[in-house]
2 protein chains.
Amino acid sequence: MIRKVTNAAAAEGLPLAVYGTIIHSVTPQDVEILENGLLVVGKDGKITSLDKDVQPSQIDEFLSRYGLDRSSPSVKVLERGQFLIPGFIDTHNHAPQWTQRGTGRGKEIMEWLNKTTFPHEARFEDPEYARKTYAACVDGFLKQGVTTASYYGSLHGEATKILADICLEKGQRAFVGKCNMNRNAPDYYRDASAEESIRVTEEFIAYAREIDPEASLVTPILTPRFAVACDADVLSGLGKIAAKNPDLPIQTHFNETVQEMEITKSLFPEFEYEADLYEHFGLLNRRSILAHCIYMNEYEMGRLKTLDCGVAHCPVSNTTSGNFGTAPVREYLRRGIKVGLGTDSGGGYSSSIIDAMRQAFVVSKAKAWATEGREPALTHNEMFYLATLGGAKVCCLEDKVGTFAVGKEFDALEIRTIGKDAGVITMVEDIDTTVDMFEKFIMTGDDRNIARVYVKGRCVKS
Amino acid sequence: MIRKVTNAAAAEGLPLAVYGTIIHSVTPQDVEILENGLLVVGKDGKITSLDKDVQPSQIDEFLSRYGLDRSSPSVKVLERGQFLIPGFIDTHNHAPQWTQRGTGRGKEIMEWLNKTTFPHEARFEDPEYARKTYAACVDGFLKQGVTTASYYGSLHGEATKILADICLEKGQRAFVGKCNMNRNAPDYYRDASAEESIRVTEEFIAYAREIDPEASLVTPILTPRFAVACDADVLSGLGKIAAKNPDLPIQTHFNETVQEMEITKSLFPEFEYEADLYEHFGLLNRRSILAHCIYMNEYEMGRLKTLDCGVAHCPVSNTTSGNFGTAPVREYLRRGIKVGLGTDSGGGYSSSIIDAMRQAFVVSKAKAWATEGREPALTHNEMFYLATLGGAKVCCLEDKVGTFAVGKEFDALEIRTIGKDAGVITMVEDIDTTVDMFEKFIMTGDDRNIARVYVKGRCVKS
């Protein structure tokens, strides 16, 4: 089943305008809070204007400039306690692990893969199961405000095509990858050969480009699981695809656990570091998304910076799996290495980027403790940056999404912190400032605080 | 306004029976899972029977033995994905901080008290504000399955009475304490004198005993904020009340942060340790609930064990405040020191014991890392124990609640992990065992997975 994107579908509800409090990152340290912003989105789903300091008495005048008026259902005036933020970007997660979230915590990585993960992923051989489960997965992420996700699929070509179809159909911006893995995995769940692994990958890339030729939403991504599971033929085969297709993003797991690093070293003794290994096979460039990056020395940080690779920081899984991993995020920010957040769902028990923001804070507190304050903890603004603009940069999508700059596509969340629909949890008071409400959302919010979700101007949750 | 407990109110919906999967702790390490349990609760809210291995074909026969039949609305047959667990026990939280959750994270304790907390707590001078806010607080905790809470109130006698009224009215089992604090706090929020502090405390105790003479739900608790905020007159005055009333529980903050410990030492240089200080004033006994207990040496752990004090472990606040605190919970369990969980809401950003279980796991992973594996991380069973039976022991309520032993009062949660009402988050599959569902609930659940909440047999959430 091939679904091409149609502009008609995207144009529904457009143009639209939102008036009220608008918040987005400017730098890792600074957010811009527009208390009286007016944002207009054109028929193509792109932001056509963002006016600041528009007083309530001026709303009608401004709207009329843009050919809109307040009576239109696509004009939304936010109330106190509501604000607009960019959509969340999940730079690392595993779609076929959706159903295993919460199980297997505390296991070392190879035991966890063999006992918990591979049996789950193997079920995606069945297209019907894949369709049902991926639909629940994409719905679940959209409901939680993930407007862009970088998905590892299973090893199955057919199931991965289905995942791409579903992202397109439901309107989620997504990188989708057929997972490559031809060794150190059980017979029942392993690519039959390096050739087969590469063939299925190429076929999937062709399919993804057919259903979404402009990559308006869905982009195929090269997805070697990690060097433990890929032999040199698979890695070099993928490197050749990358060389021929410089627009293709690439993702893998990188310096995640001590066990994984030791096995990698035993399999590829010729490489001192994982950075050397993946670079050798042509898999490190500005489009590479490296998940975890916990155990990093000066040399490898230097390589990542030089090659402009992005880091997917996954604090939820890093603090609950075999190791207790504290990635040096403060150091990445200081050096200007691109870094965003990943749920790593289902290695991460949570599929929420809000949880990931909070846990990134916890990890940064642990790091501050372990370094006796030399690496200070993250601020709220930094957590928010990682979840939005930082993630966009990791995905090389910062020209398209991540902030509300004019010309970008409208991927946004309408947040509510007051009212009975806002969940039991968040409690906003009369004395709270916008900054208080913003902090409360980050530290106490869940999907119930996300009233609406837009991707490229299309409302995908309301 | 004085409300006395009436047996009529408690008896509504009773007797009741629940058939299906029933899970509770037996030891810190072991849970008992009854796949076909039948639990019956009498008119007094106490568990009258718990039958194991009752086959579906035998349900009617068993019910008839207890004078019940399946057509009664108070007979509930649980389906797959549903199970019954004991209610959660929150051994440490601050009711007047309900509205500040999520703000002030990362600050050192004295700055956090002065800038974030005291301004919030001071608002409870207004009884109307107290009534409205405490109603939201108690509703919020009940919705999240907290059937027993040990509350710090504000310093105000009137507001604290209102909190006791509300707990009784809404049916939450609670320890409620007027907070004592006559120094190191701003003029606008400080007990006027030691005498006033003690007088208001005695008056509140009398009130609580009047509205609930049997302490069927509400028990007054002595609540010196901490030695930093209480001079020797207040501490000795409270010690005298404790001596005269050996049934009264006592709560305070204990070895929470380095800053707090240094200030305590400067105020009471005659005491080497906080254990000596609080013991000297007669405030350490088996009914003492000591929040945090992070920085503990051999000597102080020995005192806690000897005096049989309980520890309220508060991992959510400990990992997000000034310090990154990793309480030695594994060591407490090993030594047989009583330990339960506290949300520490609003120092803790979350008011959910499910979040506290997960964060206790994270803290235990950090501790395992910091001790190079000498203090292994908690298991799921241990997290669950801390949230239920462990907390009951800390509160000296283990003869009343914490498990489903016959004769105990029925404080319970009906958990659902399947169906659209079960939240977006939890995802249970056909292949999942009861243990899988139990783990998924602990690691991914939220209040939406809690379908019903019972306290003393009364349904307080449905």
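About the criteria used
- Residues numbered from 1 in each chain as written.
- Chains lettered and ligands numbered in written order.
- Predicted model: local features only at pLDDT ≥ 70, side-chain atom pairs only at ≥ 80, totals over all residues.
- Heavy atoms only, no water.
- Salt bridge = Lys/Arg side-chain N within 4 Å of Asp/Glu carboxyl O.
- Helix = DSSP H or I, 4+ residues; strand = E, 2+ residues; numbered from the N terminus.
- 1 Å grid on protein atoms, 1.4 Å probe; cavity = no way out; pocket = protein on both sides within 12 Å on 5 of 7 lines; lining within 4 Å.
- Points joined across faces, edges and corners; volume = space filled by probe spheres on them.
- Nonpolar A, V, L, I, M, F, W, Y, C, P; charged D, E, K, R; others polar.
- pLDDT = per-residue confidence, 0-100.
- Contact = heavy atoms within 4.5 Å.
- Least-squares fit on C-alpha atoms with pLDDT ≥ 70 in both.
- Axes fitted to C-alpha atoms, helices over the stretch in contact; angles between N-to-C directions.
- Left-handed = near helix turned anticlockwise from the far one by under 90°.
- Pairing = 2+ DSSP bridges.
- Phe/Tyr/Trp six-rings, centres within 6.5 Å; stacked < 30°, edge-to-face > 60°.
- Buried < 20%, exposed > 50% of the residue type's maximum accessible area, 1.4 Å probe, protein only.

Engineer: Is there a simple way to explain the pattern of salt bridges in this structure?
Structural biologist: Any two side chains of opposite charge can pair, so long as their charged atoms come close to each other. One pass over the full model with this rule turns up 62 salt bridges over all chains. Between Asp60(B) and Arg70(B) there is a salt bridge, with its nearest N and O atoms 3.2 Å apart. Here Asp60(B) is found in helix α2 (residues 59-65), whereas its partner Arg70(B) is found in the loop between α2 and β4 (75-77), with ten residues between them in sequence. Taken together, the salt bridges that share partners define one network made up of Asp446(A), Asp447(A), Arg448(A), Asp446(B), Asp447(B) and Arg448(B).

Engineer: In this structure, what is going on with empty space enclosed by the protein? I would like to understand it.
Structural biologist: Where empty space is left becomes clear once a probe the size of a water molecule has been rolled over the atoms. Residue and element names in this part refer to chain A. This model, assessed by the stated rule, comprises seven cavities of 30 Å³ or more. Volume-wise, the largest cavity comes out at about 460 Å³. As a volume, the second largest cavity reaches approximately 200 Å³. For the second largest cavity, the lining is made up of 20 residues, of which Ile109, Trp112, Glu256, His292 and Asp344 are closest to its centre. The biggest single contributor to the lining of the second largest cavity is helix α3 (residues 109-122), with three residues. Class assignment for the residues of the lining of the second largest cavity results in four nonpolar, ten polar and six charged.

Engineer: Would you mind showing me how to read the confidence of the model for chain A here?
Structural biologist: Low pLDDT means the predicted atomic positions in that stretch should not be read closely. Per-residue confidence for chain A averages 94 on the pLDDT scale, and 96% of its residues sit at or above 70. The low-confidence segment residues 5-10 of chain A (pLDDT under 50) makes four contacts with residues lying over four places distant or belonging to another chain.

Engineer: Which parts of the structure should I look at to understand the relation of the copies chain A and chain B?
Structural biologist: What relates the two chain copies is a rotation about an axis together with a slide along it. For the pair chain A and chain B, the superposition axis carries a translation of 0.0 Å, the fit reaches an RMSD of 0.0 Å, and the rotation angle comes to 180°. The operation mapping one copy onto its partner corresponds to a two-fold rotation axis. Rotation axis and chain A: the residue whose C-alpha lies nearest the axis is Ala366(A), separated from it by 4.0 Å. Counting the interface residues of chain A, we find that 100% of their copies in chain B are interface residues as well, pointing to one common contact surface.

Engineer: Looking at this structure, I do not really get the packing of helix α14 (residues 380-394) of chain A against helix α15 (residues 434-444) of chain A. What am I missing?
Structural biologist: The description of two helices packed together rests on the angle between their axes and the distance between the axes. Residue and element names in this part refer to chain A. Taken N-terminus to C-terminus, the directions of α14 and α15 make an angle of 65°; their axes are 11 Å apart at the nearest point. The crossing of α14 and α15 is left-handed. Contacts between α14 and α15 involve His380, Asn381, Met383 and Phe384 from the former and Phe438, Glu439, Ile442 and Met443 from the latter. A class-by-class count of the residues in the contact of α14 with α15 yields five nonpolar, two polar and one charged.

Engineer: It is not clear to me how the interface of chain A and chain B should be interpreted in this structure. Could you clarify?
Structural biologist: How big an interface is tends to be expressed through the accessible area that disappears when the partners come together. Counting from both sides, the interface comprises 46 residues of chain A and, opposite them, 46 residues of chain B. The salt bridge partner of Asp430(A) is Arg123(B), with a shortest N-O separation of 3.3 Å. Elements represented by at least two residues in the side of chain A that touches chain B include exactly α4 (127-143), α13 (353-370) and α15 of chain A. The leading source of residues in the side of chain A that touches chain B is α13(A), at eight residues. Grouping the constituent residues of the side of chain A that touches chain B by class yields 15 nonpolar, 17 polar and 14 charged.

Engineer: Which parts of the structure should I look at to understand the pairing of strand β18 (residues 458-461) of chain B?
Structural biologist: Every other side chain in a regular strand lies on the same face of the sheet, so the side chains alternate between the two faces. Pairing between strand β17 (residues 450-455) of chain B and β18(B): three bridges, direction antiparallel. If you follow Val455(B) over to β18(B), its bridge partner there is Arg458(B).

Engineer: How should the sheet that holds strand β15 (residues 338-341) of chain B be read in this particular structure?
Structural biologist: One key point about sheets: their strands pair by backbone hydrogen bonds, in either a parallel or an antiparallel sense. Residues and elements named next belong to chain B. Pairing within the open sheet is parallel, and its four strands lie in the order β12-β13-β14-β15. What marks the edges here is a single partner per strand, and that holds for β12 (250-254) and β15. Adjacent strand axes in the sheet meet at a mean angle of 30°, parallel and antiparallel pairs treated alike. With four bridges connecting them, strand β14 (residues 310-313) and β15 associate as parallel partners. Its bridge partner being in β15, Val311 is matched across the sheet by Val339.

Engineer: Just to check I follow, could you spell out the packing of aromatic side chains for this structure?
Structural biologist: Each aromatic ring pair is described using two quantities: the centre-to-centre distance and the angle formed by the ring planes. Under the defined criterion, the tally for this structure stands at 32 aromatic pairs over all chains. With a centroid separation of 5.2 Å and an interplanar angle of 55°, the aromatic rings of Trp98(A) and Phe141(A) are classed as tilted. Separated by 43 residues along the polypeptide, Trp98(A) in the loop between β6 (88-94) and α3 and Phe141(A) in helix α4 bring together distant segments of the chain. Looking at Phe141(A), the relative accessible area reads 0%, which means it is buried. Look at Phe83(B) and Phe438(B): their rings are 6.4 Å apart centre to centre, the planes differ by 70°, and that puts the pair in the edge-to-face class. With Phe83(B) in strand β5 (residues 82-86) and Phe438(B) in helix α15 (residues 434-444), this pair connects stretches of sequence that are 355 residues apart.

Engineer: Help me understand unusual backbone geometry in this model?
Structural biologist: As a rule of thumb, non-glycine residues mostly have phi less than zero, and peptide bonds are mostly trans rather than cis. The peptide bond linking Leu14(B) to Pro15(B) adopts the cis configuration, its omega dihedral lying at -5°. Within the fold, Pro15(B) resides in the loop between α1 (7-11) and β1 (16-25). Following Ser345(B), the chain continues into Gly346(B) via a peptide bond in cis, with omega recorded as -5°. Here Gly346(B) is to be found in the loop between β15 and α13 (353-370). Even without being a glycine, Asp53(A) presents a positive backbone phi close to 50°. Note that Asp53(A) resides in the loop between β3 (47-51) and α2 (59-65).

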